[in-house]
Amino acid sequence: MLPRLLLLLLSPLLVALPVNSHAEDDLRELIMQLTSEIKELKTQVSQSNARIDDLEQKLKKSNEDKLAATASPAAQTQAQAGAPSASQPPASASPAQGGKPVVTAGDVSGSIKIPGTDTSIGIGGFVKLDALFSSTGMGQDTRGNQRLEVAEIPVGPIAEGNDDQISLHAKESRFWFKSFTPTRWGDINTYLETDFYGDPRLDTYTPRLRHAYGSLGNFLAGQTWSTFVNNLAFADTLDNNNTVGGLLSLRQPLIRWTQPFSVGKLPMEWQVAVESPRTRVWDSRTNSMTTVNTNHYPDLIARVNFNPNWGNISVAALGRQLQYTPTALNEEKTVWGGAVSVAGKISTIGADNIRFMLNYGDGLGRYAVNNFFADAVADNTGRFDTITAYGGMLAYQHWWNKAWRSTLAYGFARADQPNYAGAANQQTQSLHANLLWSPISQTTIGLEYIYANRELVNGQDGELQRVQFSTRFNF
């Protein structure tokens, strides 16, 4: 536009100029320069117009995106929650957008959900150190130097150099894995847990399977706490084997059905199970206890749980066939035995509680105290019969405040042994008293005093006094 206007202004002057050869040359040169400038300006104007059009298109597109984002309910929810706006790219895109799957919290506490599935998984456990100062050693490479094993308490004169023992180990440290998957048949749960008590040697850490089970709705199969045992009634002790008199903290392979119901407003449940059988027999000819694993029937257990808001109470019944082929005869002997157990945990004042177990039965043996009583006895003539055993445990837990707590627990167990089983265990008792500190939920540090004794049928006895210091760190 400017060169064209300039030509119009100059045209009168150009007409008025004298016409000669030099003037014509100058005029021709001037016109050529002006024409060149006009072409260049046209090119610049075209480029500017193209840029303006491009900017207008981008501005229009940006306004449309903002309008759509503002109108979207999802975008409004994100904005209220402080999420990135539509004009900002999200931190992680969904798989459909080509990004990585987002990891979210699982459906059960302490788990995460596997991306793209309904399965929640979790891992955890704890690291525990036990330092034990014992008045009596249990001998070389025995678990009794690592936890309370009353069957290993020495009786009679104590061997020289075995009058005291100091042991430090971390064998109770555990690792667990769990999963949870909802289905139309009910929830599928799995649980796997190990510790390191697989070898009795103090310096050998061999993994040992504690729990390995799965459940679908009310049905459970695998290895876990025996249905005869109410593990909610166990005393809160640092010692891994808990107190005697209560049932053994027995875990074994089983198949179980649990059915919740209620009476009035009282929530309850009944359980029935078939569990792995074993028979412990005291053979008077060998004067020792042996274990038989070739049973014909599983152990049969039924239990009813009462779950009021002030605690938990259970009543359990056990029926089992005991089997043995005495060394005096080449003939298999079988006998049926049974037992009952009442156990529970009752809240008292504040967070304080009472825990108890009472057990009685013919053939209670291996369910009572670890490796202590036989289920049945075989005499010199080959006669085979059950052994009656009974016991009880009572514990009181007191919370000094939210971080400090103490437990005082006493247990007693006895078996009615025949007189000819002189070297067999007849009774045992134990006392636990502790002070535990948990400054945070993941940590417990404590000190515990343990007293236990053991008495044989022939009158020999022995006792143990122990102080245990433990630290536990959950992960």
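This structure is a prediction, so every number in the text was calculated from the model and none was measured.

About the criteria used
Residues numbered from 1 in each chain as written. Predicted model: local features only at pLDDT ≥ 70, side-chain atom pairs only at ≥ 80, totals over all residues. Heavy atoms only, no water. Helix = DSSP H or I, 4+ residues; strand = E, 2+ residues; numbered from the N terminus. Contact = heavy atoms within 4.5 Å. Polar contact = N/O pair within 3.5 Å; in protein donor to acceptor, adjacent residues only side chain to side chain. Patch = residues over 30% accessible without salt bridge, like charges linked within 9 Å, V, L, I, M, F, W, Y side chains within 5 Å. Areas by Shrake-Rupley, 256 points an atom, 1.4 Å probe, with all protein chains shown as cover. Salt bridge = Lys/Arg side-chain N within 4 Å of Asp/Glu carboxyl O. Buried < 20%, exposed > 50% of the residue type's maximum accessible area, 1.4 Å probe, protein only. Pairing = 2+ DSSP bridges. Axes fitted to C-alpha atoms, helices over the stretch in contact; angles between N-to-C directions.

1. Considering the overall build of the chain
Here is step 1: A tally of helices and strands in the chain yields four helices and 23 strands.
Here is step 2: Counting only contacts in the chain whose residues sit at least 6 apart along the sequence, the fraction spanning at least 24 positions is 61%.

2. Comments concerning the side chain of Asn-145
Here is step 1: Inspection of the secondary structure assignment puts Asn-145 in the loop between strand E3 (120–134) and strand E4 (165–169).
Here is step 2: Within the structure, the side chain of Asn-145 is placed 2.8 Å from the backbone oxygen of Gly-139, a separation counted as a polar contact.
Here is step 3: Excluding anything up to four places from it in sequence, Asn-145 contacts Leu-132, Gly-137, Met-138, Gly-139, Gln-165, Ser-167 and Arg-466.

3. Examining a nonpolar patch on the surface
Here is step 1: On the surface, a cluster of nonpolar side chains totalling about 830 Å² of accessible area is made up of Phe-219, Ile-255, Trp-257, Trp-270, Val-272, Val-274, Tyr-297, Leu-300 and Trp-336.
Here is step 2: Those elements giving two or more residues to the nonpolar patch turn out to be strand E9 (251–263) and strand E10 (266–275).
Here is step 3: When residues in the nonpolar patch are grouped by element, the largest group, three residues, is from E10.
Here is step 4: Here Phe-219 lies in strand E8 (residues 219–225).
Here is step 5: Take Phe-219: its relative accessible area is 37%, and that puts it in the partly exposed class.

4. Here's the deal with the pattern of salt bridges
Here is step 1: By the definition in use, this model includes 13 salt bridges.
Here is step 2: One salt bridge connects Arg-208 with Asp-195, and the closest N-O pair in it is separated by 2.6 Å. Within this pair, whereas Arg-208 is found in strand E7 (residues 208–216), its partner Asp-195 is found in strand E6 (residues 186–195), the two being separated by 13 residues in sequence.
Here is step 3: Judged by relative accessible area, Asp-195 falls into the buried class, the value being 0%.
Here is step 4: For Asp-199, the salt bridge is made with Arg-201, and the minimal N-O distance between the two is 3.2 Å.

5. Concerning the pairing of strand E11 (residues 279–283)
Here is step 1: Within E11, five of the five residues are buried, leaving the element largely enclosed by the surrounding structure.
Here is step 2: In E11, alternate side chains face the same way, and those of Thr-279, Val-281 and Asp-283 on one face and Arg-280 and Trp-282 on the other are all buried.
Here is step 3: Of the pairings in the sheet, the one linking E11 to strand E12 (residues 288–292) comprises five bridges and is antiparallel in character. Counterpart to Asp-283 in the pairing with E12 is Ser-288.
Here is step 4: Summarising the sheet, E11 and strand E17 (residues 376–378) pair through three bridges and their orientation is parallel. The partner of Trp-282 across the bridge, within E17, is Val-377.

6. A look at the sheet that holds strand E18 (residues 384–386)
Here is step 1: On the basis of which strands lie adjacent, the open sheet formed by four strands has the order E12-E11-E17-E18 and mixed pairing. Bordering the open sheet on either side are E12 and E18, each of which pairs with just one other strand. Across the sheet, the mean angle separating the axes of adjacent strands is 30° when strand polarity is ignored.

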